[in-house]
Amino acid sequence: MIDKLLLDRWIGDAQAEDYIAWAVDLLVAGRDTPSLRILAGLNATHERSDIEEYFLRTCRELGLELLGCGDKPRDAVPLVKRLYRSGALPPEQTLHYMSRLYELSEYSDPLLGLWFALDDGFFPDEMESLEEWIDREWELFDRAVGLDLPDEFHRFVRCERCRHIGPPARPSFFASLRVLLTQGYIAADTQPSVCAKCRGSRLVRMACAEVQEDYFSRLRGGGESP
Ligand SMILES: [Zn+2]
């Protein structure tokens, strides 16, 4: 599976064994070049630079192109998408790769942040299946490329009372004090966030496709700013 190996290599996660296993698989499948043979015969204790060298030679001999995307993590997204759509990447792994890309962006690409947050367990309440979420997210991703999204975009929520979209707020001091006095310390410490505008408590996460669509359309129309 050259595409997946190239993606791992680009991300910096490809292990020596991955190159060797790839070469062995190709030999078994009937491909044969001088460097491919050598690569398949190496083992993980060989110098990484040797393995890399024979890998590159093998690619040249087989006429395989290396990952031709730029050096921005976002540029690798089409490859992840392709691997997912071809069935080579199951949904959980797809989520993992997208969060790795967010890490590689040094936690700075808000569009990738959404995937990272989900990988971290921030599932939207109404999410049916990860697969469905991912399918929808590709479209939203394409739509959002080119939008100037704020850094913390993936943490934004929409208030179901006043429709404000933005970062959630901590409950007020007095609300916290009331909970502390009536329900105790733990309840006060784990109080859910509220709307920054109206203090409403019914918030829907940005991971929800419909909230993203709503937000994107406001950005384009130049309506309410977050
Ligand atoms: Zn509100």
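Higher on the page you've got the structure.
**Points about unusual backbone geometry**
Part 1: The phi dihedral of Glu-106 falls on the positive side, at around 55°, and the residue is not glycine.
Part 2: Residue Glu-106 is classed as exposed on the basis of its 8 C-beta neighbours within 10 Å.
Part 3: Its identity is not glycine, yet Tyr-107 carries a phi of approximately 55°, on the positive side.
Part 4: Relative to the helices and strands, Tyr-107 resides in the loop between α6 (91-104) and α7 (110-119).
Part 5: For Tyr-107, a count of 12 C-beta atoms within 10 Å gives the class exposed.

**Here's the deal with the packing of helix α3 (residues 34-41) against helix α4 (residues 48-62)**
Part 1: At their nearest, the axes of α3 and α4 sit 8 Å apart, and the two run at 145° to each other. Crossing of α3 against α4: the hand is left-handed. Note on element contacts: α4 touches α3 through Tyr-54, Phe-55, Arg-57, Thr-58 and Glu-61, opposite Ser-35, Leu-36, Ile-38 and Leu-39.
Part 2: Here the contact of α3 with α4 is built from residues that sort into five nonpolar, two polar and two charged.

**Re the sheet that holds strand β2 (residues 165-166)**
Part 1: Taken together, three strands build an open sheet; the order of strands is β2-β1-β3 and the sheet is antiparallel. For this open sheet the edge positions go to β2 and β3 (203-205), each flanked by a neighbour on one side alone.
Part 2: In this structure, strand β1 (residues 157-159) lies alongside β2, joined through two bridges in antiparallel fashion. Pairing of Arg-158 across the sheet is with Ile-165, part of β2.

**Considering the packing of α6 against helix α8 (residues 130-144)**
Part 1: Viewed as axis vectors pointing N to C, α6 and α8 meet at an angle of 50°, and their least axial separation amounts to 9 Å. What the angle tells us is that α6 and α8 run oblique. Handedness of the α6/α8 crossing: left-handed. Touching Pro-91, Glu-92, Thr-94 and Leu-95 of α6 are Leu-130, Glu-131 and Ile-134, all from α8.
Part 2: Tallied by class, the residues present in the contact of α6 with α8 amount to four nonpolar, one polar and two charged.

About the cut-offs
Residues numbered from 1 in each chain as written. Predicted model: local features only at pLDDT ≥ 70, side-chain atom pairs only at ≥ 80, totals over all residues. Buried ≥ 20, exposed ≤ 12 C-beta atoms within 10 Å, placed from the backbone. Helix = DSSP H or I, 4+ residues; strand = E, 2+ residues; numbered from the N terminus. Axes fitted to C-alpha atoms, helices over the stretch in contact; angles between N-to-C directions. Left-handed = near helix turned anticlockwise from the far one by under 90°. Contact = placed C-beta atoms within 7 Å. Nonpolar A, V, L, I, M, F, W, Y, C, P; charged D, E, K, R; others polar. Pairing = 2+ DSSP bridges. Parallel < 35°, antiparallel > 145°, perpendicular 65-115°, else oblique.

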